[in-house]
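Structural description and commentary
Residues per chain are reported as follows:
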Amino acid sequence: MPLTNDPKIIGDEYDIIIVGGGSSGCVLAGMLSEAARHEGRRLSILLIESGRDNHNDPNVVRPGRYWANLNPNLGYFNNIKGNLDHCGREIEVAVPNILGGGGSVNFMMYTRASASDFDDWRTEGWYAEDLVPILRKLENYQFTRDSNPDQSVHGFSGPFAVSHGPNFREQIDPNAGEVYHAAQKLGYPIVADMQNMRNGVGFSEWPKWIDPVTGHRQDPAHRYIHPNISEHTNNGLTVLCEHKVVRVIIKEGRATGVEIAYSHTTSVTEPIKVKTTDANAPSHPAVSSSVQEIRARSMVVLTAGTANTPQLLERSGIGSSEILLKANVECLVDLPGVGENLQDHLAGSQYFYRFDKDTLPHYNDYLGGDPAAMLEADEEFKQGKGPHSMNFIGGAGRIRPTEEELQEMGPAFRNLWNAYYLNAPDKALFINCFLERPMNDPQWTFLTPEYSYKIIIPYTLYPVSRGSIHITSSSINALPEFRPQYLLDPRDLPPHVLAYKHQREFVRRMPSFRGEVREFHPPFSEASAARCIEYPTAEQRVEIANSKVVYTGEDNKVIEEWVKANFFAVWHWLGTAAMRPRAQGGVVDENLNVYGVQGLKVADLSICPENVGANTYSTALLLGGKAAEIVAKELGLGMSDTSYNNRVLN
Ligand SMILES: Cc1cc2nc3c(=O)[nH]c(=O)nc-3n(C[C@H](O)[C@H](O)[C@H](O)COP(=O)(O)OP(=O)(O)OC[C@H]3O[C@@H](n4cnc5c(N)ncnc54)[C@H](O)[C@@H]3O)c2cc1C
């Protein structure tokens, strides 16, 4: 049985154990398995995933369900909370908990890191020129808006389809059309390919990790795991779901296996349980106290994600000796960098706008879960079309500030700009993302059916503040201490103030714009020129040319406080087991080996030493691919001839 949730029927020893069947873990397991099969060698791999199987789960396969899946009671996530005392609030972050990880539940926005992001890591084998071939191998770029795709950065026969989705194959998405109009009014270039790793500025339609024909989400388990565990393809790959690895077993300085425990996953039919923030209370869902050991002949690779990989290391005795002492865990390797250096991308807020319903189509009924709209969507999806096959994200832009804007942002940010961004024209300061979301919150009585509502989410790409996540006890059921520290460094605020102003000017120039929903904007005084505007009718709308809102010092303070109270992290966290020299707080070396232990690697986003200026799915897949190359080389397996295509995809 290659995929099971019953540990009694799996073996007790494997060549390689991979911990965490998320974006990186699935690619790593699938690629290695394919490489071994291609060479006629048998390689036994056990992939252990704490969440349930995602095979043909309609909420995973149908892209349009992603908003609904954020409901914590559906069991796709384990949420964790952290204090933001400097902002007077706490923040909750959703941690994926399903086979496929973030790739099963993300928003499917195709975005790639800038070339300079990788070059900045200054690590042998990890420069952009080393990594682009892997990115190309992974993707099947079918974004036909880009009529002359750059073959040097895109791939056309990989397992992950990238497209505009089936609905807008021929005509331009009306949402994106309006975005283009506004971008041109503001003097921004419209670019065919914003994801060529070189464009720091520009607007385009947003490519998606969606198949252009079937309309299916391109998650890593359907691309790399399910095709490799069928009767005909299986070559020693076993997947164990609904089990958590409690810790890695380390004997005489070598990782020899793992301890696993049953991890109960909530199903849709189970009653809602109240979550608790009491650090001593068990987390939900609870993990069984009875554990089982499985041995690894060659190595253990951790791919449990930015939140969980450092906790696994710490429970295994690898981390800061002080933290381990407090948690009552024997320290085997003193590595103070474990769990530190946590970074994410931060969205100022979701800013709501009203549009002409007749001009700009909307999917309120579908997104609100209306049963008739669902039935219709089910029918359309049989042809790979309709709202199930969409992610409702039309256009987007990558923005760098003008000289005038830089002056407004103050001297501290200016110094940062000069040191970090100025000579890296491929780095944007923030991304403006224009999308649609469910509007049926009963508290939002101010949203009326005469309009179509859209939101714009600007998110900054390279925040300076660094947070941490650490265990508080040796028990896997104890909540971690999550200290995100977002916006702690004062240089992180000016980009959000600018992003707010920018997205507002932008939306005001969209042809069907009718007004700003004041409940989702900073509370400017009524006397301020910055107050929200609304046009009662289409005829009364005034075309805005060059004039921009002029903000007073008081208005800027109002924006800052609003940002602090409302910002959220966009699930792109990374950095908690950084690939750096050990003396600089590093946790892994350039071959992903954990310092001080033999046979233990980390291969998920936690290894990124610095941020990437993009949504992170592409980078997570890349890390799985890069890890596969490293491991294959160590095992004497060739990767280059591996067939990435022509597989039966389940
Ligand atoms: C809601 C959301 C929306 C997003 N939208 C986008 C987007 O539109 N575009 C984009 O590019 N990126 C997006 N991302 C980000 C992207 O999906 C993630 O960065 C990426 O999936 C991270 O990959 P990973 O392999 O590091 O971790 P994950 O994919 O999170 O994988 C970690 C896996 O390990 C498992 N695990 C954890 N602990 C254990 C344990 N102890 N034992 C066994 N298994 C364990 C988890 O269940 C999980 O499956 C989004 C993420 C989220 C959550």
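Here the structure is a predicted model, which means the values were calculated and not measured. (Residues numbered from 1 in each chain as written. Predicted model: local features only at pLDDT ≥ 70, side-chain atom pairs only at ≥ 80, totals over all residues. Heavy atoms only, no water.)

Next up on the list: the pattern of salt bridges. Tallying each qualifying case throughout the model produces 30 salt bridges. Between Arg198 and Asp150 there is a salt bridge whose closest N-O contact spans 2.3 Å. Placement of Arg198 in the loop between α7 (174–185) and β8 (202–205) and of Asp150 in the loop between β6 (139–141) and β7 (160–162) is noted, with a sequence separation of 48 residues between them. Exposure remark for Arg198: the relative accessible area of 46% places this residue in the partly exposed category. A salt bridge links Arg414 to Glu403, with the nearest nitrogen and oxygen atoms 2.9 Å apart. In this pair, Arg414 sits in helix α14 (residues 411–421) while Glu403 sits in helix α13 (residues 403–408), placing the two residues 11 residues apart along the sequence. Of the residues examined, Glu403 reaches a relative accessible area of 42% and is grouped as partly exposed. Residues joined by salt bridges that share partners form a network here, namely Asp12, Glu13, Asp15, Arg295 and Arg297. (Salt bridge = Lys/Arg side-chain N within 4 Å of Asp/Glu carboxyl O. Helix = DSSP H or I, 4+ residues; strand = E, 2+ residues; numbered from the N terminus. Buried < 20%, exposed > 50% of the residue type's maximum accessible area, 1.4 Å probe, protein only.)

This paragraph deals with the environment of His181. Inspection of the secondary structure puts His181 in helix α7. The class for His181 is partly exposed, based on a relative accessible area of 29%. Aside from chain neighbours lying at most four places away, what touches His181 is Arg509, Pro511 and Glu543. (Contact = heavy atoms within 4.5 Å.)

Once that is clear, we can look at the packing of aromatic side chains. Scanning the entire structure with this criterion turns up 37 aromatic pairs. Pairing Tyr66 with Phe107 gives two aromatic rings, centres 4.4 Å apart and planes at 40 degrees, and the pair type is tilted. Remark: Phe107 occurs in the loop between α4 (102–105) and α5 (115–119) and Tyr66 occurs in helix α3 (residues 66–69); sequence separation between them is 41 residues. The exposure classification of Tyr66 matches that of Phe107, with both residues buried. Seen in terms of ring centroids, Tyr486 and Phe567 are 6.3 Å apart; in terms of plane orientation they differ by 80 degrees. Their pairing is edge-to-face. Residue Tyr486 is located in the loop between β21 (481–483) and α15 (494–508), and its partner Phe567 is located in the loop between α16 (553–566) and β23 (568–569); the two are separated by 81 residues in the primary sequence. Accessibility assignment for this pair places Tyr486 and Phe567 in one class, buried. (Phe/Tyr/Trp six-rings, centres within 6.5 Å; stacked < 30°, edge-to-face > 60°.)

Within soluble globular proteins, side chains that are nonpolar tend to cluster in buried spots. Residues Leu313, Ile318, Tyr459, Tyr486, Phe506 and Leu600 are the most contacted members of the largest nonpolar core, which totals 188 residues. Per-element tally for this core: the top contributor is helix α17 (residues 617–635), with 10 residues. Ranked by size, the runner-up nonpolar core spans 7 residues in total, among them Leu74, Tyr76, Ile98 and Val105. (Core = buried A, V, L, I, M, F, W, Y, C linked by side-chain atoms within 4.5 Å.)

On to unusual backbone geometry, then. Backbone geometry at Phe392 places phi at a positive 60 degrees, although glycine is not the residue there. Position of Phe392 relative to the elements: it lies in the loop between α12 (371–381) and β17 (393–399). Exposure remark for Phe392: the relative accessible area of 5% places this residue in the buried category. With a phi angle near 70 degrees, Leu592 is a residue other than glycine that sits in the positive phi range. Classification of Leu592 by relative accessible area gives buried; the value is 1%.

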